[in-house]
Amino acid sequence: FLARQAGTSSYDSARSFQASSFSTPEVRSLLEETEQARLPRLDSPALHHRLAVLYFARGYYARSLDEFQKATTEEPENADLQFNLGVLCYDGHAVGKAEQAWLKALQLNPQMAEAHKNLSYLFYEQKRYENAWSHAQEATRLGAPVIPGLATEIQKFLGSSQRQQ
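This write-up is about the structure you can find in this document. (Residues numbered from 1 in each chain as written. Predicted model: local features only at pLDDT ≥ 70, side-chain atom pairs only at ≥ 80, totals over all residues. Heavy atoms only, no water.)

## Brief notes about the overall build of the protein
Okay, step 1: Along the backbone of the protein there are 10 helices and zero strands.
Okay, step 2: Split into buried and exposed, the 165 residues of the protein put 30% on the buried side.
Okay, step 3: Considering only contacts within the protein whose residues lie at least 6 apart along the sequence, 42% involve residues at least 24 apart.
Okay, step 4: When the accessible surface of the protein is summed, it comes to about 10900 Å², and 53% of that surface belongs to carbon and sulfur atoms. (Helix = DSSP H or I, 4+ residues; strand = E, 2+ residues; numbered from the N terminus. Buried < 20%, exposed > 50% of the residue type's maximum accessible area, 1.4 Å probe, protein only. Contact = heavy atoms within 4.5 Å. Areas by Shrake-Rupley, 256 points an atom, 1.4 Å probe, with all protein chains shown as cover.)

What follows is the structure in structure tokens.
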């Protein structure tokens, strides 16, 4: 990288630039550790996941979605990837895709409390109160209770729909 910036393609000139430019032992040690560190493959799911999170944090939803789709295509059985894809889709107003991703995450890891919690909110917004109640209870059981009052609201709507029947 440094060699290309300096206008040469020589790896050796880049190493000599590094050695002469940084004089403290701590920096030289860090450079040596960095050289020895294994970098992820350019097409690895882990790299696509990191890029997706970075793009998401910066507000580049289309790029983030593209990277998440690459990562989930390469690693479809990763519950964390599916969960994060759901978060991205929900924030991007693709609610149907968010639901699918969170349900897939739960298929892969039924103990994922945050996926249950997010689904309870999503189903509440969609007026699917029985589903919302089920996921709210499971999220609470797993240690990620829904916001105070939501369970009461869901029960209120469940009670009124049962009375109407």
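This is not the end of the story, as more comes after the structure.
## Let's talk about the packing of aromatic side chains
Okay, step 1: As enumerated under the stated definition, the model contains seven aromatic pairs in all.
Okay, step 2: Centre to centre, the rings of Tyr55 and Tyr60 are 6.3 Å apart; their planes meet at 90°, and the pair counts as edge-to-face.
Okay, step 3: Among the aromatic residues, ring-to-ring pairing joins Phe83, Tyr90 and Trp102 into one connected group.
Okay, step 4: The lysine or arginine in question, Arg63, covers the ring of Tyr60, its NZ or CZ lying 5.4 Å from the ring centre.
Okay, step 5: Lying over the aromatic face of Phe157, Lys156 brings its terminal NZ or CZ to 5.5 Å of the ring centre. (Phe/Tyr/Trp six-rings, centres within 6.5 Å; stacked < 30°, edge-to-face > 60°. Lys NZ or Arg CZ within 6 Å of the ring centre and 35° of its normal.)

## Concerning the environment of Asn131
Okay, step 1: Residue placement: Asn131 occurs in helix H9 (residues 129-141).
Okay, step 2: For the pair formed by Asn131 and Ile154, sequence separation is 23 residues and the distance between their alpha carbons is 9.8 Å.

## Some remarks on the nonpolar core
Okay, step 1: Counting 26 residues, the largest nonpolar core has Phe68, Phe83, Trp102, Met112 and Ile154 as the members making the most contacts within it.
Okay, step 2: Residue contributions to this core peak at six residues, all from helix H6 (residues 79-91). (Core = buried A, V, L, I, M, F, W, Y, C linked by side-chain atoms within 4.5 Å.)

## Topic: the environment of Leu88
Okay, step 1: With respect to the element layout, Leu88 can be found in helix H6.
Okay, step 2: Residues in contact with Leu88, not counting those within four places in the same chain, are Phe56, Tyr61, Ser64, Leu65 and Phe68.

## Details of H6
Okay, step 1: For H6, with 13 residues, the first-to-last C-alpha span of 19 Å sits near the 18 Å given by 1.5 Å per residue.
Okay, step 2: If you check which residues of H6 are buried, you get Ala79, Leu81, Gln82, Phe83, Leu85, Gly86, Leu88 and Cys89.
Okay, step 3: Where H6 is buried, its residues contact helix H4 (45-57), helix H5 (61-74), helix H7 (95-108) and helix H8 (113-125).
Okay, step 4: The backbone nitrogen of Asp80 has a side-chain oxygen 2.9 Å away, supplied by the residue at the start of H6, namely Asn78. (Expected span 1.5 Å × (residues − 1). Polar contact = N/O pair within 3.5 Å; in protein donor to acceptor, adjacent residues only side chain to side chain.)

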